[in-house]
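Single-letter residue listing:
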Amino acid sequence: MAENCIFCRIVAGELPASMVYEDETVVAFKDIRPQAPVHVLVVPREHVDSIAHLDDSHAEMAGKTILAVEKVARAVGGLEEGYRVIINCGEAGGQTVPHLHLHLLGGRRFSEGMVRD
Ligand code: 5GP
Ligand code: ZN
């Protein structure tokens, strides 16, 4: 657990969150400032600062985190038509919480153009 990390504190149950899914590798909870009708954060229990901080020792954790996404989508429901998954990395990538997490966004259609300001 990293000191003063919001997501570590949510994982530890020290801060409240609206949980939608949990397993041995990840927790998933609703984003506090949703940017789509469904906006869930998929957060590995282990603290890693960002995707840039993963190394080979994280292969199993990283794989299980990716595998958890569809399980989270099924737990949320209503995402059978699809969804978008985003990982921000570092300041220029728009990452504001330095604990690796995936954004699961859905409940609306996204453009094929993908990136907007
Ligand atoms: P990032 O910008 O790092 O990719 O995403 C961080 C996300 O965490 C943002 O979408 C932000 O709204 C969300 N967030 C920040 N603090 C909290 C919190 O305390 N609880 C929840 N549920 N979401 C948070
Ligand atoms: Zn953390």
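Above this text sits the structure in question.
Keep in mind it's a predicted model, so treat the numbers as computed, not measured.

*Asks:* Tell me what's going on with the packing of aromatic side chains, and back it up with residues and numbers.
*Replies:* A complete count under the given rule lists one aromatic pair for this structure. When the ring of F7 is compared with that of F29, the centres are 5.5 Å apart and the planes differ by 80°; the resulting orientation is edge-to-face. One end of the pair, F7, is in helix α1 (residues 6-11); the other, F29, is in strand β2 (residues 26-30), with 22 residues separating them in the sequence. Overall, F29 belongs to the buried group, its relative accessible area being 3%.

*Asks:* Now, about the pattern of salt bridges: what can you tell me, with residues and values included?
*Replies:* This model, assessed by the stated rule, comprises five salt bridges. Measuring nitrogen to oxygen at the nearest pair gives 3.0 Å for the salt bridge that ties E60 to K64. On the criterion of helical spacing, the pair formed by E60 and K64 is a turn pair, its members being four residues apart in helix α2 (residues 59-76). Of the residues examined, K64 reaches a relative accessible area of 31% and is grouped as partly exposed. The residue E70 makes a salt bridge to R74 at a minimum N-O spacing of 2.8 Å. Residue E70 and its partner R74 are located together in helix α2, separated by four residues, close to a single helical turn. One salt-bridge network, held together by shared partners, links E24, E60 and K64.

*Asks:* Describe the coordination of the zinc ion (ligand 2), and please don't skip the residues or the numbers.
*Replies:* Surrounding the zinc ion (ligand 2) are the protein donor atoms C5 (SG), C8 (SG), H47 (ND1) and H99 (ND1), at 2.0 to 2.3 Å. Taken together, the four donor atoms coordinating the zinc ion (ligand 2) and their angles of 102 to 117° define a geometry best described as tetrahedral. We note that the donor set of the zinc ion (ligand 2) lies within a single chain, spaced as C-x2-C-x38-H-x51-H. Of this pair, C5 sits in the segment before α1 while H47 is found in the loop between β3 (38-44) and α2, placing the two residues 42 residues apart along the sequence. Exposure remark for H47: the relative accessible area of 22% places this residue in the partly exposed category.

*Asks:* How would you summarise the pairing of strand β5 (residues 102-106) if you had to cite specific residues and measurements?
*Replies:* Among the five residues of β5, five are classified as buried, and the element is accordingly described as predominantly covered. Where burial is concerned, the two faces of β5 agree: the one with L102, L104 and G106 and the one with H103 and L105 are both buried. Sheet topology note: the β3/β5 ladder contains five bridges and is antiparallel. Looking at the pairing, L41 lines up with H103 of β5. Judged from the three bridges that link them, strand β4 (residues 84-86) and β5 form a sheet pairing that is antiparallel.

*Asks:* Requested: an account of the environment of I87, with residues and values cited.
*Replies:* Relative to the assigned elements, I87 resides in the loop between β4 and β5. Judged by relative accessible area, I87 falls into the partly exposed class, the value being 33%. In sequence terms I87 and I51 are 36 residues apart; their C-alpha atoms lie 7.8 Å from each other.

*Asks:* Please give an account of the site of ligand 1 that cites residues and values.
*Replies:* If you check the shell around ligand 1, you find 16 residues, and the closest are K30, D31, N88, T96 and H103. Between an oxygen atom of ligand 1 and a main-chain N or O atom of T96, the distance comes to 2.7 Å. Within the contact set of ligand 1, an oxygen atom lies 3.0 Å away from a side-chain nitrogen or oxygen of H101. When residues of the shell around ligand 1 are traced back to their parent elements, those giving at least two are α1 and β2. Looking at which element gives the most residues to the shell around ligand 1, the answer is α1, with three residues.

Rules used in this analysis
- Residues numbered from 1 in each chain as written.
- Chains lettered and ligands numbered in written order.
- Predicted model: local features only at pLDDT ≥ 70, side-chain atom pairs only at ≥ 80, totals over all residues.
- Heavy atoms only, no water.
- Phe/Tyr/Trp six-rings, centres within 6.5 Å; stacked < 30°, edge-to-face > 60°.
- Helix = DSSP H or I, 4+ residues; strand = E, 2+ residues; numbered from the N terminus.
- Buried < 20%, exposed > 50% of the residue type's maximum accessible area, 1.4 Å probe, protein only.
- Salt bridge = Lys/Arg side-chain N within 4 Å of Asp/Glu carboxyl O.
- Donors = N, O, S within 2.8 Å, 3.2 Å for Na, K, Ca; no water.
- Tetrahedral: all angles 85-135°; square planar, octahedral: opposite > 155°, others 65-115°.
- Pairing = 2+ DSSP bridges.
- Near = heavy atom within 4 Å.
- Polar contact = N/O pair within 3.5 Å; in protein donor to acceptor, adjacent residues only side chain to side chain.

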